[in-house]
Amino acid sequence: TAISFRYIYNIISKNKDKPARYFSIDKVFRNETLDSTHLAEFRQVEGLIYDDDLTAKDLIKYLKEFYARIGINNIRVKPTYNPYTEPSFEIQGFFDKLNRWVEIGNSGIFRPEVLSSFGIKKNVLGFGLALERSIALRLNLDDIRVIYGPFADLDFFRNISERTIYEGIIN
């Protein structure tokens, strides 16, 4: 995304000897039909990790650790296609109420030809994780529109305890 390439150009390419981890939360807009798992706009947790000898195994470990820390443990990683990364992985979480796996993020290792114009020879891991879908999964919701957008249920927020939302992050 635009943020990833700004970090790659402005920071990583100018400090190639220093390991780096960058994270941001950005608003994303998509031409989507609203339904129980899709929003036209949402927040994305974006991350880049730059260091020596990073592999796909490291990427999967970081993703599982991130989700575990917010109380989401039933995830799987499946190969997918992304134009700027190889290998690429779709992260899916199992929604009990929907009785199916739903994409909650995307990730990969930036392709060498993408990084070569910046003079970067080490691997850069990248990921974008859907914040609202993660919240819906964490709270075992069957409809993402309850938490964001024109169909948001304010009574839902009034009745839920902050502990329910944040207990996985605090511990």
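Refer to the preceding data block for the structure.
None of these values were measured; they are calculated from a predicted model.

A. Broad picture of the packing of aromatic side chains. For the coordinates displayed, the defined rule picks out eight aromatic pairs. Judged by centre distance (5.6 Å) and plane angle (75°), the ring pair of Phe5 and Tyr84 falls under edge-to-face. Remark: Tyr84 occurs in the loop between β3 (75-82) and β4 (85-95) and Phe5 occurs in helix α1 (residues 2-12); sequence separation between them is 79 residues. A relative accessible area of 23% places Phe5 in the partly exposed class. Both rings, one in Phe5 and one in Phe110, keep their centres 5.6 Å apart while their planes meet at 80°; by these two values the pair is edge-to-face. Linking Phe5 in helix α1 with Phe110 in strand β5 (residues 100-110), this pair joins segments that are 105 residues apart in sequence.

B. Looking closely at helix α2 (residues 56-69). Under the 1.5 Å per step criterion, the end-to-end length of α2 is 20 Å for 14 residues, consistent within 8% with the ideal 20 Å. In the core, the buried residues of α2 are packed alongside β3, β4, β5, β6 (124-130) and α4 (131-138). The backbone nitrogen of Lys57 has a side-chain oxygen 3.3 Å away, supplied by the residue at the start of α2, namely Thr55. Of the residues flanking the end of α2, it is Gly71, one or two places downstream, whose phi is positive at about 85°.

C. Representation of the pattern of salt bridges. Tallied over the entire structure, the rule returns three salt bridges. In this structure, Glu65 engages Arg69 in a salt bridge whose closest nitrogen and oxygen atoms are separated by 2.6 Å. You can see Glu65 and its partner Arg69 sitting in helix α2, four residues apart, about one turn around the helix. Here Arg69 falls in the exposed class, since its relative accessible area comes to 53%.

D. Layout of unusual backbone geometry. A cis amide bond links Glu86 with the next residue in sequence, Pro87, at an omega value of 0°. A positive phi angle is found at Asp53, which is not glycine, with a value near 55°. Residue position: Asp53 is located in the loop between β2 (41-50) and α2. Classification of Asp53 by relative accessible area gives exposed; the value is 71%. With phi around 55°, Asn99 is a residue other than glycine that occupies positive phi space. For Asn99, the position within the fold is in the loop between β4 and β5.

E. How the structure looks around the environment of Ile72. The residue Ile72 is located in the loop between α2 and β3 in this model. By relative accessible area, Ile72 is classed as buried at 4%. Spatially, the C-alpha atom of Ile72 lies 25 Å from that of Phe151, the residues being 79 residues apart in sequence. Setting aside anything within four residues of it in sequence, one finds Ile72 in contact with Tyr67, Ser134, Leu137 and Arg138.

About the thresholds
Residues numbered from 1 in each chain as written. Predicted model: local features only at pLDDT ≥ 70, side-chain atom pairs only at ≥ 80, totals over all residues. Heavy atoms only, no water. Phe/Tyr/Trp six-rings, centres within 6.5 Å; stacked < 30°, edge-to-face > 60°. Helix = DSSP H or I, 4+ residues; strand = E, 2+ residues; numbered from the N terminus. Buried < 20%, exposed > 50% of the residue type's maximum accessible area, 1.4 Å probe, protein only. Expected span 1.5 Å × (residues − 1). Contact = heavy atoms within 4.5 Å. Polar contact = N/O pair within 3.5 Å; in protein donor to acceptor, adjacent residues only side chain to side chain. Salt bridge = Lys/Arg side-chain N within 4 Å of Asp/Glu carboxyl O.

These results come straight from atomic positions and should not be treated as a statement about function.
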